[in-house]
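Now for the letters of each chain:
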Amino acid sequence: AVVSTQSTGIAKHRKIHLFDIDIPGKFKFKESDTLSPGGSITTFQVNEFNVGLGICYDIRFPEQAHLMREQGAHVMIYPGAFNMTTGPVYFEVLNRARALDYQVFCASIAPATDHTATYTSWGHSLVCSPSGAVMDSAAHDEQV
């Protein structure tokens, strides 16, 4: 859920693309064992900005970003927690691609890496410009 500064609901989104992966000997994770996918594109207004919202693995699918852009999104945000296997390979390149492909600002936000957790997030966050350039980023540790 997206909540305003006045604590009122602005938007609600359910992740459309569930992440199932099995890399023998390395990593296995199946969101489809416990979750069911959403089926709606989510955009909402914040001041003068129209924002598109996806969750984590949704960034992998340009068709979803295309539909958010068609609904007027100027900014796309993808909160999520890429894992330690896929994060280093895909996280930055997918953010840069979505920003560049749709000429929007793209931001992905993740929790810091916690190696004691049952699921270890790669823990990176970043913001890309419409040209696909990384404007700012945060690595594994907590950062403001």
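Scroll up for the structure.
Keep in mind the model is a prediction, meaning the values are calculated, not measured.

Colleague: I keep staring at the overall build of the protein and nothing clicks. Help me out?
Modeller: When helices and strands are tallied, the protein shows two helices and 10 strands. Seen in sequence order, the protein has helices and strands lined up from the N terminus as β-β-β-β-β-β-α-β-α-β-β-β. Radius of gyration (C-alpha) of the protein: 15 Å, near the 15 Å computed for a compact globule of 144 residues. Dimensions along the principal axes, computed over C-alpha positions, put the protein at roughly 45 × 30 × 30 Å. Within the protein, the fraction of its 144 residues that count as buried is 40%.

Colleague: Where do I start with empty space enclosed by the protein in this structure?
Modeller: A water-sized probe, rolled over the atoms, reveals where empty space remains. In the structure shown here, the tally under the stated rule is one cavity of 30 Å³ or more. For the largest cavity, the full set of lining residues is Cys56, Ile59, Tyr78, Pro79, Gly80, Ala81, Phe82, Phe91, Ser108, Ile109 and Ala110. Going through the elements one at a time, strand S7 (75–79) and strand S8 (105–109) are the ones with two or more residues in the lining of the largest cavity.

Colleague: I'm lost on unusual backbone geometry in this one. Help?
Modeller: Negative phi characterises most residues that are not glycine, and trans characterises most peptide bonds. One non-glycine residue with positive phi stands out, namely Ser7, at about 65 degrees. Tracing the chain through its elements places Ser7 in the loop between strand S1 (2–3) and strand S2 (9–11). Overall, the relative accessible area of 62% leaves Ser7 in the exposed class. If you check the backbone angles, Gln103 has positive phi at about 50 degrees while not being a glycine.

Criteria and thresholds
- Residues numbered from 1 in each chain as written.
- Predicted model: local features only at pLDDT ≥ 70, side-chain atom pairs only at ≥ 80, totals over all residues.
- Heavy atoms only, no water.
- Helix = DSSP H or I, 4+ residues; strand = E, 2+ residues; numbered from the N terminus.
- Rg over C-alpha atoms; globule rule 2.2 N^0.38 Å.
- Buried < 20%, exposed > 50% of the residue type's maximum accessible area, 1.4 Å probe, protein only.
- 1 Å grid on protein atoms, 1.4 Å probe; cavity = no way out; pocket = protein on both sides within 12 Å on 5 of 7 lines; lining within 4 Å.
- Points joined across faces, edges and corners; volume = space filled by probe spheres on them.

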